[in-house]
Amino acid sequence: MRNRQTGSQPQGEAIDLTPMLDVVFIMLIFFIVTASFIKLPGVEVNKVDADTAENYKKVGILVAVSDNNEIWIDKKRVETTALKINLQRLYNENPKGGMVIQADNESNIEVVAKVADVATDIGIRPVAISVEQD
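Residues numbered from 1 in each chain as written. Predicted model: local features only at pLDDT ≥ 70, side-chain atom pairs only at ≥ 80, totals over all residues. Heavy atoms only, no water.

Undergrad: A description of the pattern of salt bridges should follow, citing residues and the corresponding values.
TA: Pairing is possible between side chains that carry opposite charge, provided their charged atoms lie close to one another. In total, this model carries three salt bridges according to the counting rule given. The partner of Glu79 in a salt bridge is Arg77, with the nearest N and O atoms 3.1 Å apart. Linking Arg89 and Glu93 is a salt bridge whose minimum nitrogen-to-oxygen distance equals 3.6 Å. Here Glu93 and Arg89 lie together in helix H2 (residues 83–93), a separation of four residues that amounts to about one turn. Here Glu93 falls in the partly exposed class, since its relative accessible area comes to 48%. Through salt bridges with shared partners, a single ionic network connects Glu70, Arg77 and Glu79. (Salt bridge = Lys/Arg side-chain N within 4 Å of Asp/Glu carboxyl O. Helix = DSSP H or I, 4+ residues; strand = E, 2+ residues; numbered from the N terminus. Buried < 20%, exposed > 50% of the residue type's maximum accessible area, 1.4 Å probe, protein only.)

Right under this line is the structure:
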């Protein structure tokens, strides 16, 4: 109880910081959970050289097509039959980001086009191809 004349706290009382610490920890957990992380495709590719290219910073989905035409998403090899399901799941997690396809120099253009077609059918925009800049 406060002393009415002086307005000071009596001896023995302290400010309880526990609610403030609870709020700080809850905010920390919220920011960690809602942060968007870039998922790596899981395979190393030799990109195509290009003379003209533009930087693209808003990557939500990263897909790799290897030299033997395997599709890799999130460090897992994906069959073409399961491609749409995997891309839909990633798009639902981050609908604001676009997609970048990392195609190997030796990959088949039909496989790369198939990945891009499936992505645009789902509604992923923009779809970009990653290239090696000089």
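Undergrad: Give a description of unusual backbone geometry that names residues and reports values.
TA: A cis amide bond, omega -10°, links Arg125 with the succeeding residue Pro126. Inspection of the secondary structure puts Pro126 in the loop between helix H3 (109–122) and strand S6 (127–130). Within the chain, Asp74 stands out as a residue other than glycine whose phi angle is a positive 55°. Examined against the element boundaries, Asp74 turns out to sit in the loop between strand S3 (71–73) and strand S4 (76–78). Since its relative accessible area comes to 23%, Asp74 is described here as partly exposed. Backbone geometry places Lys75, a non-glycine residue, at a positive phi of 65°. With respect to the element layout, Lys75 can be found in the loop between S3 and S4. Owing to a relative accessible area of 58%, Lys75 belongs among the exposed residues under this scheme.

Undergrad: Please set out the packing of H2 against H3 residue by residue, giving values where relevant.
TA: Between H2 and H3, whose axes approach to 10 Å, the crossing angle comes to 50°. Judged by the inter-axis angle, H2 sits oblique to H3. Where H2 crosses over H3, the two elements pack in a sense that is right-handed. Only Lys114, Val115, Val118, Ala119 and Ile122 of H3 make contact with H2, whose side of the interface consists of Leu83, Lys84, Leu87, Gln88 and Tyr91. Grouping the amino acids of the contact of H2 with H3 by side-chain chemistry returns seven nonpolar, one polar and two charged. (Axes fitted to C-alpha atoms, helices over the stretch in contact; angles between N-to-C directions. Parallel < 35°, antiparallel > 145°, perpendicular 65-115°, else oblique. Left-handed = near helix turned anticlockwise from the far one by under 90°. Contact = heavy atoms within 4.5 Å. Nonpolar A, V, L, I, M, F, W, Y, C, P; charged D, E, K, R; others polar.)

Undergrad: Report on the sheet that holds S3, specifying residues and quantitative values.
TA: Strand order in the open sheet formed by five strands is S4-S3-S2-S5-S6, with mixed pairing between adjacent strands. Two strands in the sheet have a free side with no partner beyond their single neighbour: S4 and S6. Put simply, the sheet's adjacent strands are angled 35° from each other on average, direction ignored. As paired elements, strand S5 (residues 98–103) and S6 share four bridges and run parallel to each other. Directly across from Ile101, in S6, lies its bridge partner Ile129. The sheet contacts of H2 involve strand S2 (59–65), S3, S4 and S5, and relative to S3 the element is tilted by about 25°. (Pairing = 2+ DSSP bridges.)

Undergrad: Got a sec to walk through the nonpolar core? Specific residues and values, please.
TA: In terms of nonpolar packing, the biggest core is built from 21 residues, with Ile61, Val63, Ile73, Leu87, Met99, Val115 and Ile124 touching the most fellow members. Within the residue set of this core, elements represented by two or more residues are S2, S3, H2, S5 and H3. When sequence neighbours within four positions are dropped, the list of residues in contact with Met99 reads Ile61, Val63, Leu87, Val115, Ala119, Ile124, Pro126, Val127 and Ala128. (Core = buried A, V, L, I, M, F, W, Y, C linked by side-chain atoms within 4.5 Å.)

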